[in-house]
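# Secondary and tertiary structure notes
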Amino acid sequence: MNTPAKLTGFVAAVAAVFGIALLVGAAVGPVEEQTEDPTVSAHDAGHGEDTATGSAAETPAVEEIPGGLMTYRNGYALALAETDLGSGEDRNLTFAINGPGGAPVTDFDVTHDKELHLIAVRRDFTGFQHVHPVLDENTGIWSVDVDLTPGTWRVFTDFTPTGGESLTLGTDLAVAGEFVPAAPQADNRTATVDGYEVTLDGDLSSGGDAMLTLTVSKDGRPITDLQPYLGAYGHLVALRGGDLAYLHVHPDGTPGDGTTRPGPEVVFHTSVPSAGTYHLYLDFQHDGVVRTAAFTLTAGGTGEVQSGSGAHGDHSHSGR
């Protein structure tokens, strides 16, 4: 074959390959660059100006990831010394919060009277504990005793590293033993624990703020002398069913502020990111003992409220 013929054949082959590449590219579509932080909200991302038109750049809304779903966030990581433990009482749980450089963090701000709050919840919601580990400042290792039954538990650490933002990190803990799964829990607005009755008023609806009022009584008598616990007359934890997303709940008022009464009502404010089932745990202190009342509520869609009734197990603990 002469030289011009060879060149003609080569050009034709290159054109064919290039054409196939164009087809594949059109079918697959362009590769989009991922933002560094997927939790950046549209409000934060929308401050930039379009240099060509001078108008604000339109950025699709990105839903912020609720707390507790990630083991690593903003450079901080929750690292359990052991990811599985045996069942039983007073099982020692040790862990570290590793910082951006990879070393355990030893400096934390005090939030709700503690440097770190640890919440342990069995994934079927039949076990709940809110405890406060002790930090070894020389090693950065936290330790605490917990009571565990067989099954998979979710461990949450709620903390604020000094100079950083408040974080809630979560990870699973496997507990050995014969596991008996529990049936899904029905909605309930009344809980009893150690002779105390706690009722919950208020509704949850995705996309809106909610005010929840919990009223404590015993033997039909309102409790008006609740004792401060973690800087308030009650501490409320809210978890979404399914993925156990951890929601922040803020108490209304502070003991000693001149207006907040020590019962029988304790008021909280929160919002939920989606419709579905939510499990709420109220810690309150009376006569020197911290007790936990548990509730289950169903949140409707935006502007929609669903309610139900049922029974739910409750707990008491020493407020470690």
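Residues numbered from 1 in each chain as written. Predicted model: local features only at pLDDT ≥ 70, side-chain atom pairs only at ≥ 80, totals over all residues. Heavy atoms only, no water.

Nonpolar side chains tend toward joint burial in soluble globular proteins. Of all hydrophobic cores here, the largest spans 28 residues; its most connected members are Leu 280, Phe 284 and Phe 295. Mapped by element, the contributors of at least two residues to this core are β11 (190-193), β12 (196-201), β13 (209-218), β15 (235-240), β18 (265-271), β19 (276-286) and β20 (289-299). Among all residues touching Leu 280, those that are not within four sequence positions of it are Leu 200, Leu 212, Leu 236, Val 237, Ala 238, Ala 293, Ala 294, Phe 295 and Leu 297. Residues Leu 78, Leu 93, Ile 97 and Trp 153 belong to the second largest nonpolar core, which totals 25 residues. (Core = buried A, V, L, I, M, F, W, Y, C linked by side-chain atoms within 4.5 Å. Buried < 20%, exposed > 50% of the residue type's maximum accessible area, 1.4 Å probe, protein only. Helix = DSSP H or I, 4+ residues; strand = E, 2+ residues; numbered from the N terminus. Contact = heavy atoms within 4.5 Å.)

Read from one edge to the other, the open sheet built from five strands follows the order β3-β10-β9-β5-β6, with strand pairing classed as mixed. The open sheet terminates on both sides in strands that have one partner only, identified here as β3 (84-86) and β6 (128-131). The average undirected angle you get between the axes of adjacent strands in this sheet is 25 degrees. (Pairing = 2+ DSSP bridges. Axes fitted to C-alpha atoms, helices over the stretch in contact; angles between N-to-C directions.)

Bringing the side chain of His 130 into the picture now. Take His 130: it is sitting in strand β6. By relative accessible area, His 130 is classed as buried at 1%. Only 3.2 Å separates the side chain of His 130 from the side chain of His 117, close enough to count as a polar contact. (Polar contact = N/O pair within 3.5 Å; in protein donor to acceptor, adjacent residues only side chain to side chain.)

Turning our eyes to something else, we now look at the sheet that holds strand β8 (residues 141-148). In spatial order, the strands read β1-β2-β4-β8-β7; together these five strands make up an open sheet with antiparallel pairing. Looking at the sheet topology across the chains shown, the edges are occupied by β1 (72-73) and β7 (134-136). Pairing of strand β4 (residues 88-98) with β8 involves seven bridges; the strand directions are antiparallel. Directly across from Arg 91, in β8, lies its bridge partner Val 146.

All right, on to the side chain of Thr 171 then. Positionally, Thr 171 belongs in strand β10 (residues 167-176). On the basis of relative accessibility, which here comes to 15%, the residue Thr 171 falls in the buried class. Apart from the residues within four sequence positions on either side, Thr 171 is in contact with Thr 71, Leu 78, Leu 80, Trp 153, Arg 154 and Val 155.

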